[in-house]
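Residue-level listing of the chains:
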Number of protein chains: 2
Amino acid sequence: MIYVVFMEPETPGNIGFLARTMKNFGLDHLVLINPCQLEHEAYYQSMHAREIIYNRQEYNSLPEFMEKEGIDFIVGTTGTAGGSYNIPRIAITPENLAESLNIQGDIALIFGREGDGLTNHELELCDLVVSIPTHESYPILNITHAAAIIFYELFKIQKDYPVEDLDEASLDEKEGLIEYVDEVLGKLDYPPHKKKNATIVFKRMLGRAFISGREAHTLKGMFRRIRDRLD
Amino acid sequence: MIYVVFMEPETPGNIGFLARTMKNFGLDHLVLINPCQLEHEAYYQSMHAREIIYNRQEYNSLPEFMEKEGIDFIVGTTGTAGGSYNIPRIAITPENLAESLNIQGDIALIFGREGDGLTNHELELCDLVVSIPTHESYPILNITHAAAIIFYELFKIQKDYPVEDLDEASLDEKEGLIEYVDEVLGKLDYPPHKKKNATIVFKRMLGRAFISGREAHTLKGMFRRIRDRLD
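This structure is a prediction, so every number in the text was calculated from the model and none was measured.

Caption draft 1: Representation of the overall build of chain A in the model. Each helix and strand in chain A was counted, giving ten helices and six strands. Relative to a compact globule of 231 residues, whose C-alpha radius of gyration would be 17 Å, chain A shows 19 Å and is just as compact. The buried share of chain A, taken over its 231 residues, is 49%. Residue pairs at least 24 apart in sequence account for 83% of intrachain contacts in chain A once pairs closer than 6 positions are excluded.

As structure tokens, then:
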């Protein structure tokens with residue numbers, strides 16, 4: 001299942017536009033994090049997708065939502081994809097997302113904030129980050145137009161690709177692996193910021209690679225052995 | 001040159017959203033056919049694309065525009081693509097449009113009307129008609145979201161866009177990383193077949209993860225440190 005998560009919306013009309021584009025592309029789970037009052041405008045702009053707004057969930061914070069809903073995989077979005085030196089903002093295209101996303105688990109697609117986007121800290125929580133290729137003269141899309149393009153790419157690919165039943169690694173399996181990696185990194189003489197970057201890179205790589213349970217197991221074995229040898 | 005033509009707009013905000021998404025994807029010629037008063041809202045929603053609205057052209061009718069500007073090729077858009085029996089509404093996808101459009105001549109991309117779309121008669125004037133694949137439960141997109149998706153597909157095919165240009169790791173960089181991983185694996189007490197599996201898993205993961213050169217560098221640093229500590 002895909003949850004569409006709108007971080008701290010401030011403009012009721014944008015909540016409506018988002019709900020409408022969700023329904024246009026067959027999505028229906030809307031989550032609002034610490035939203036403004038919805039007002040008439042949200043319902044008005046959603047047009048024939050009002051039920052998505054009626055059925056929305058609200059949470060006070062992103063971590064609260066993730067914990068309560070048991071999310072397996074988090075996709076962040078940014079209009080300011082970093083150059084290659086801003087690791088939390090290294091992004092893939094919506095097309096690559098659609099090609100690689102396995103929609104078996106519970107996935108959160110995070111949009112927002114309207115003014116400032118997601119913080120680096122929030123992006124670090126994400127398994128991968130998506131950014132839409134744009135013209136350099138004005139790279140920042142309106143948030144609901146960006147969402148429409150990402151939903152469109154995800155929808156478009158469903159028509160041609162048979163769903164593959166790949167035993168994707170669970171959140172627990174991936175977290176267990178990351179713990180081993182962290183333990184190993186802790187035993188190397190890393191300056192703290194480099195250690196943090198290495199963890200993020202490893203996590204992102206896992207996120208983008210959609211590894212199976214079997215692969216997670218093999219990688220865990222590898223890092224367990226490394227840890228044991230370093231001790 | 002591509003002219004973006006908005007038929008009889010009634011909502012100033014939509015003119016603004018359209019101008020913004022045009023600039024996001026490198027388009028700048030806006031034509032309004034028999035528009036409403038623009039009001040502050042049009043400029044407000046265009047954000048940093050106000051100059052597109054200032055520089056717009058206005059005409060009373062589509063034929064008047066086509067004659068005055070000497071348009072070579074007209075692309076209509078519709079949310080209600082007919083089955084194969086409604087000939088004016090037989091449509092191609094935005095993706096097919098992007099693949100087949102030759103942007104040498106003067107092309108008009110026609111959007112609108114907000115409520116009713118283009119008439120059959122107007123669609124008959126078009127050289128081709130585009131429609132966006134959508135979920136059957138709600139096929140009608142907001143007009144500026146539809147425009148954003150079509151502009152995105154036209155832009156995407158031009159290839160030189162920043163996100164994908166993002167310095168994907170070269171084959172050399174990835175192979176260099178795999179060599180370090182192999183060296184590390186060689187220093188662990190792996191049974192040979194397990195060692196081979198671990199190499200394959202790591203390589204596959206890299207292959208699927210679209211890592212950047214910067215990320216390959218970070219991971220190489222990590223495995224170099226592990227190797228040095230194991231020695």
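Caption draft 2: Summary view of unusual backbone geometry. For the bond from Gly112 of chain A to Arg113 of chain A, the omega torsion is -10°, close enough to zero to count as cis. With respect to the helices and strands, the residue Arg113 of chain A is situated in the loop between strand S5 (107-111) and helix H6 (120-124).

Caption draft 3: Inspection of the interface of chain A and chain B at higher detail. Taken residue by residue, the interface counts 54 residues in chain A and 53 residues in chain B. Only helix H1 (12-24), helix H5 (94-100), helix H7 (143-160), helix H9 (192-209) and helix H10 (213-230) of chain A provide two or more residues apiece to the side of chain A that touches chain B. Among the residues making up the side of chain A that touches chain B, the classes are represented as 28 nonpolar, 17 polar and nine charged.

Caption draft 4: Summary view of the packing of helix H8 (residues 171-186) of chain A against H10 of chain A. Residue and element names in this part refer to chain A. At their nearest, the axes of H8 and H10 sit 9 Å apart, and the two run at 20° to each other. By the angle between their axes, H8 is roughly parallel relative to H10. Of the two possible hands of crossing, H8 and H10 adopt the one that is left-handed. In this structure, H8 contributes Glu173, Lys174, Gly176, Leu177, Tyr180, Val181, Glu183 and Val184 to the contact, and H10 contributes Gly213, Ala216, Leu219, Lys220, Phe223, Arg224, Ile226, Arg227 and Leu230. Partitioned by chemical class, the residues of the contact of H8 with H10 number nine nonpolar, two polar and six charged.

Caption draft 5: Focus on the pairing of strand S5 (residues 107-111) of chain B. Residues and elements named next belong to chain B. Within S5, four of the five residues are buried, leaving the element largely enclosed by the surrounding structure. Inspection of the sheet shows strand S1 (residues 2-7) paired to S5 by five bridges, in the parallel sense. Across the sheet, the residue bridging to Val5 is Ile110, located in S5.

Caption draft 6: Focus on the domain arrangement of chain A. According to the domain assignment, chain A consists of domain 1 (2-160) and domain 2 (171-230). Centre-to-centre, using C-alpha coordinates, domain 1 of chain A lies 27 Å away from domain 2 of chain A.

Caption draft 7: Expanded view of the environment of Asn96 of chain B. Residues and elements named next belong to chain B. Position of Asn96 among the secondary structure elements: in helix H5 (residues 94-100). Among the residues examined, Asn96 registers 13 C-beta atoms within 10 Å and is labelled partly exposed. As a C-alpha pair, Asn96 and Leu154 span 58 residues in sequence and 9.7 Å in three-dimensional space.

Caption draft 8: Main features of the sheet that holds S5 of chain A. Residue and element names in this part refer to chain A. Taken in spatial order, the six strands line up as S3-S2-S1-S5-S4-S6 in an open sheet, and their pairing is parallel. Across the chains shown, the open sheet's two edge strands, defined by having one partner strand only, are strand S3 (57-59) and strand S6 (128-130). The mean inter-strand angle of the sheet, taken between neighbouring strand axes irrespective of direction, is 25°. For strand S4 (residues 73-77) and S6, the ladder comprises three bridges, and the chain directions are parallel.

Caption draft 9: Region of the structure containing the nonpolar core. Counting residues in each nonpolar core, the largest one holds 136 residues, and the members touching the most others are Val4 and Val5 of chain A together with Val4 and Val5 of chain B. Not counting the four nearest positions on each side in its chain, Val5 of chain A is found in contact with Val31, Ile33, Phe65, Ala108, Leu109, Ile110 and Phe111 of chain A.

Caption draft 10: Geometry of the environment of Ala209 of chain A. Residues and elements named next belong to chain A. You can see Ala209 is positioned in helix H9. Take Ala209: there are 22 C-beta atoms within 10 Å of it, and that puts it in the buried class. In this structure the C-alpha to C-alpha distance between Ala209 and Lys174, which are 35 residues apart in sequence, comes to 12 Å.

Caption draft 11: Here's a closer look at the packing of helix H1 (residues 12-24) of chain B against helix H2 (residues 39-46) of chain B. Residues and elements named next belong to chain B. Put simply, H1 and H2 touch, their axes get as near as 7 Å, and they point 25° apart. When the axes of H1 and H2 are compared, the pair comes out roughly parallel. You can see that H1 and H2 cross each other, and the crossing is right-handed. Where H1 approaches H2, its residues Pro12, Gly13, Ile15, Gly16, Phe17, Ala19 and Arg20 are matched on the opposing element by Glu39, Glu41, Ala42, Tyr43, Tyr44, Gln45 and Ser46. Tallied by class, the residues present in the contact of H1 with H2 amount to seven nonpolar, four polar and three charged.

Caption draft 12: Representation of the sheet that holds S5 of chain B in the model. All names here are of chain B. In space, the six strands of this open sheet follow the order S3-S2-S1-S5-S4-S6, with parallel pairing throughout. Both outer strands of the open sheet, strand S3 (57-59) and strand S6 (128-130), are each paired with one neighbouring strand and no more. Pairs of neighbouring strands in the sheet enclose a mean axial angle of 25°, with direction left out of account. Sheet strands touched by helix H7 (residues 143-156): strand S4 (73-77), S5 and S6. Its angle to S5, the strand with the most contacts, is close to 150°.

Caption draft 13: Highlighting H10 of chain A. Between its terminal C-alpha atoms H10 of chain A stretches 26 Å, which fits the 26 Å expected from 18 residues at 1.5 Å a residue. Listed as buried for H10 of chain A are Glu215, Ala216, Thr218, Leu219, Met222, Phe223, Arg225 and Ile226 of chain A.

Caption draft 14: Region of interest: the pairing of S4 of chain B. Residues and elements named next belong to chain B. With four of five residues buried, S4 is to be regarded as a mostly interior element. Of the strand pairs in this sheet, S4 and S5 are connected by four bridges, and their pairing is parallel. In the sheet register, Ile74 faces S5, and the bridge partner there is Ala108.

Caption draft 15: Just helix H9 (residues 171-186) of chain B, in detail. Residues and elements named next belong to chain B. With 16 residues, H9 extends 22 Å from end C-alpha to end C-alpha; this agrees with the ideal 22 Å at 1.5 Å per step. When H9 is considered as a whole, its buried residues turn out to be Glu173, Leu177, Val181 and Val184. For H9, the angular spread of buried residues about the axis comes to 75°, placing them on one side. The exposed residues of H9 that point more than 90 degrees off its buried face are Leu171, Asp172, Glu179 and Gly186.

Caption draft 16: A look at the confidence of the model for chain A. All names here are of chain A. The predicted model of chain A has a mean per-residue pLDDT of 88, with 94% of residues at 70 or higher. Confidence drops under pLDDT 50 across residues 161-165; counting only partners more than four residues distant or on other chains, this segment forms zero contacts. Complex prediction metrics read pTM 0.80 and ipTM 0.79.

Calculation rules
All residue numbers refer to positions counted from 1 along the written sequence of the respective chain. Written order decides the labels, with chains lettered from A and ligands numbered from 1. For a predicted model such as this one, the threshold for reporting local features is a pLDDT of at least 70, and the threshold for listing and counting side-chain atom pairs is 80 or more; totals across whole chains, interfaces and linings nevertheless cover every residue. Going along the chain from the N terminus, every DSSP run of H or I of four or more residues is numbered as a helix, and every run of E of two or more is numbered as a strand. Between the two quantities, the radius of gyration covers C-alpha atoms and the globule rule is 2.2 Å times the number of residues to the power 0.38. Burial is judged by counting the other C-beta atoms within 10 Å of a residue's own C-beta: 20 or more makes it buried, 12 or fewer makes it exposed, and any count in between marks it as partly exposed, with every C-beta position built from the backbone. Here the contact rule is simple: place C-beta atoms from the backbone, and any two residues whose C-beta atoms are within 7 Å are in contact. Residues are sorted three ways: Asp, Glu, Lys and Arg are charged, Ala, Val, Leu, Ile, Met, Phe, Trp, Tyr, Cys and Pro are nonpolar, and all the rest, Gly among them, are polar. In this analysis an axis means a line fitted to C-alpha atoms, helices contributing only their contacting stretch, and an angle means the value between N-to-C directions, from 0 to 180 degrees. Here the word oblique covers every angle except those under 35 degrees (roughly parallel), over 145 (roughly antiparallel) and from 65 to 115 (roughly perpendicular). Should the near helix be turned anticlockwise from the far one by less than a right angle, the crossing is termed left-handed; should it be turned clockwise, right-handed. Here the rule is simple: two strands pair whenever DSSP picks up at least two bridges between them. A domain assignment, automatic or from a database, supplies the domain bounds used here. Here, a nonpolar core means buried Ala, Val, Leu, Ile, Met, Phe, Trp, Tyr and Cys residues linked by C-beta atoms lying within 7 Å of one another. Take the number of residues in a helix, subtract one, and multiply by 1.5 Å to get its expected span. The arc in question is the one spanned by the directions pointing from the helix axis to the C-beta atoms. Confidence scores per residue from the predictor, reported as pLDDT, run from 0 to 100.

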